[in-house]
Amino acid sequence: MIRYLLSNDLPRSRVLSILLIALVITLALAPLLFPGAKALAVAAKILVFVLLVASYDLLLGYTGIVSFAHTMFFGIGAYSVAIACSRLGPSWTSIGIGLVGSIAASLALALLIGLFSLRVRAIFFAMLTLAVASAFQTLASQLSEWTGGEDGLSFRTPEVLSAAAQWRDTPLQGLGFTVSADGRLLAYWGLFVIVCVAFLLLLRIVNSPFGRVLQAIRENPFRAEAIGYQTVIYRTLSVVISALFATLAGALMALWLRYNGPDTSLSFELMLDVLLVVVIGGMGTMYGAWIGSALFLLAQNYLQALMQSLVKPLADGVAMIGGTGPLADVLRWAVGLMGPDRWLLWLGVLFVLSVYHFPEGVVGRLRRF
Amino acid sequence: MAQPDTESSWKLPQTRVDPLLWGLVPLLAGLALVAVGSPSTWLTLTVAGLAMGMMLFMIASGLTLVFGLMDVLNFGHGVFIATGAFIATTVLGPTGFGAPGGWLLAPQWHLQIAAVMVAILVAMAATGILGLVFERLFVRPVYGQHLKQILITMGGMIVIEELIKSIWGTQQIPLPLPEALRGAFIFGDAAIERFRLLAVLIGLIVLAVLMVILGRTKIGLLVRAGVEDREMVESLGYPVRRLFIGVFVAGSALAGLGGVLWGMYQQTITPQIGAQVNVLIFIVIIIGGLGSIMGSFVAALLVGLMGNYTGFLAPKLALFSNIALMVAILIWRPEGLRPVTKIR
């Protein structure tokens, strides 16, 4: 049964299996285990990231294509739902319209980009997606009448999913927790189920004959072509499928946050986060999405605060010594480097180091033990 | 035994002139004249577009050669642009020539120009050295692996961009033009900014120098041969790898030069400048055909002109117009205007 659900692609490592089971159970029970808005927000973001990263892994890890437009599709999903809900009112119909619209848009765009660049030269794809993604970002901020510009869009979701809707008169109670049985809880579990189903679907895709062809193309495109597979078609399909899953992730994200703006769904930094998570988790291993997302988002949300508190005394000390001259300047600069403002610097260093020394990622490393 | 060739006996192969290629720029300009209507506005836009194109060309030339020679796709090229521009702000800033009584504020125009030239030279030297370090740290370990190259050079760009932020801050800072370069020449109704003319001039000089080095010297011959067939040049005993490092450093320095000019053109710079220009540069080298200097020159002019014309006619479509241009050219010539490298 489990073997069937996981498409015969088991974690293949005892430690990894234990980690994955623990992670999935923790995420499923997160609202009960960690009451509080922030913990729930982090858990939900981990779930959205799992889907986003897994869909990107299909492209990067399994097909060997680098795309910088993955967050564009994520953004299309998020913006469509946000626009539909804010224009047509908070109903399931408008969510449906938003979803269908975004899927159509992503499909068309992914097909277009894929066919144009991959037909010519696979290496153009990375450059082309970078250009298209930045143009799309500009477009989203320019069409502020629709997208809310830099401020983004806040909107309401159907009543059932709101915090005011109680589906039980008494709150849920158990071993040391009391959680109000409201629509947010329902929304979280809905998110959890959809992400799990979509993930299993992705796992099925990469383990299908189609997925094998993608891996063959990654390993040796020339040979795959020689055997008789139309690499252009397969690559383009891979782009399209991953774009669709990213669109779904974007729509889920917007529905959960009840807000969407350029920074949450389109920014280039988000793209880098996704890249980093895929590399850390392990390229070409769907399970890496779970491990990588959890590690990364926990670090992003809790490590940054820790960095702040660690650097604070250092910075105070340097400020106390004071003084001018090049030495003091260098000292201040060095302390500043360790501050949370330069979080991206360490992310970049981590990224480069992990591509060098750790290309198989956490999952790949665990499997070798 | 055959005598080794002497300098004088070399017959350098002539490059084929492609009239269709050179016709594209006047064609675009002509179409724009019809669309814009007013000749004076058109002239202003055209000069602005040519200036922008020249800057793009300086930046793109190194990138395209690096790709052609070593099959290395450097996604971090934009970082040299930003570094060049920021170093120029320091050289020309209040602690440099911009100090009261400094050259930049001196009444004599030649001192002001000299200050700018010094800033350019310092920026080029710094970006050249940075290029050497970048090549060592981020490019050399991943030769021949496209996927890793893209990821690593991108990561390198982020790291250096963050370092720039930590030194110069995240805010945008002004890069003022000296008095002598401000203002415009007036031809009839058309106003042509002095700085744009300077940019065109510098661009032409860079093009001429590149053409002489590539077309008339032994090093240039080796670089061009290496672009066409690296293994052959290697098997003849030439150190292609060292040649490549030289090209990488020169390309980085040229990007630094382009960055200084770009910063002066925009008058304010932000640390993200590199990533922004990067997008245009990629469009340029795809249109031009990877590895081709002349192709990227024409492509840069096309992109610069296109950006300025649509910026005037339909501002919201400016970036899309360049993508549309690229798509149109790729339909016409799938390998770019002048492909040099073999399909890999």
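Residues numbered from 1 in each chain as written. Chains lettered and ligands numbered in written order. Predicted model: local features only at pLDDT ≥ 70, side-chain atom pairs only at ≥ 80, totals over all residues.

**Student:** It is not clear to me how the overall build of chain A should be interpreted in this structure. Could you clarify?
**Tutor:** Summing up its helical and strand segments, chain A has 18 helices and 4 strands in all. Computed over C-alpha atoms, the radius of gyration of chain A comes to 22 Å, within 12% of the 21 Å expected from 2.2 N^0.38 for 369 residues, which places it in the range of a compact globule. Dimensions of chain A along its principal axes, counting C-alpha atoms only, are 70 × 60 × 50 Å. Relative to its 369 residues, chain A shows a buried fraction of 44%. When contacts within chain A are restricted to residue pairs at least 6 apart in sequence, those whose partners lie at least 24 apart make up 75%. (Helix = DSSP H or I, 4+ residues; strand = E, 2+ residues; numbered from the N terminus. Rg over C-alpha atoms; globule rule 2.2 N^0.38 Å. Buried ≥ 20, exposed ≤ 12 C-beta atoms within 10 Å, placed from the backbone. Contact = placed C-beta atoms within 7 Å.)

**Student:** Can you help me understand the interface of chain A and chain B in this one?
**Tutor:** When the parts come together, some accessible area is lost, and that loss is often what is quoted as the size of the interface. With 29 residues of chain A at the interface, the matching set in chain B holds 27 residues. Going through the elements one at a time, α6 (92–120), α7 (124–142), α14 (268–281), α16 (326–337) and α17 (343–357) of chain A are the ones with two or more residues in the side of chain A that touches chain B. If you tally residues by element for the side of chain A that touches chain B, the top one is α7 of chain A, at 10 residues. Looking at the side of chain A that touches chain B residue by residue, the classes come out as 22 nonpolar, 6 polar and 1 charged. (Nonpolar A, V, L, I, M, F, W, Y, C, P; charged D, E, K, R; others polar.)

**Student:** What am I meant to see in helix α11 (residues 293–313) of chain B here?
**Tutor:** Residues separated by three or four positions in an α-helix point in the same direction, a consequence of the helix having 3.6 residues per turn. In a regular helix each residue adds 1.5 Å, so 21 residues correspond to 30 Å; α11 of chain B covers 30 Å between its end C-alpha atoms and thus fits that length. Of all the 21 residues making up α11 of chain B, 18 are buried; the element is thus mostly covered by neighbouring parts of the structure. (Expected span 1.5 Å × (residues − 1).)

**Student:** What is the right way to read the confidence of the model for chain A from this model?
**Tutor:** Note: predicted coordinates in regions of low pLDDT should not be interpreted at a detailed level. Per-chain confidence: chain A averages 88 in pLDDT, with 98% of residues scoring 70 or above. Put simply, strand β2 (residues 172–173) of chain A is where chain A has its lowest mean pLDDT, 73, and helix α12 (residues 231–257) of chain A is where it has its highest, 95. (pLDDT = per-residue confidence, 0-100.)

**Student:** Just checking my understanding: could you explain the pairing of strand β2 (residues 184–187) of chain B for this structure?
**Tutor:** When a strand is regular, its side chains alternate between the sheet's two faces. Residues and elements named next belong to chain B. Both β2 and strand β3 (residues 190–193) contribute to a ladder of 4 bridges, which runs antiparallel. Across the sheet, F185 pairs through a bridge with I192, a residue of β3. Between the antiparallel neighbours β2 and β3 lie 2 residues, among them G188 with a positive phi of about 60 degrees. (Pairing = 2+ DSSP bridges.)

**Student:** Mind showing me how you'd approach the nonpolar core here?
**Tutor:** Across soluble globular proteins, you tend to see nonpolar side chains buried next to one another. One finds V50 of chain A together with L56, V284, L302 and V303 of chain B to be the most contacted residues of the largest nonpolar core, which totals 226 residues. Here the element with the most residues in this core is helix α2 (residues 39–70) of chain B; it accounts for 20 residues. Setting aside chain neighbours within four positions, we find V303 of chain B in contact with G53, L56, L280, I283, V284, I287, N322 and L325 of chain B. (Core = buried A, V, L, I, M, F, W, Y, C linked by C-beta atoms within 7 Å.)

**Student:** What's the story with the environment of H110 of chain B in this structure? I'm lost.
**Tutor:** Inspection of the secondary structure assignment puts H110 of chain B in helix α4 (residues 109–139). In this structure the C-alpha to C-alpha distance between H110 of chain B and A180 of chain B, which are 70 residues apart in sequence, comes to 8.4 Å.

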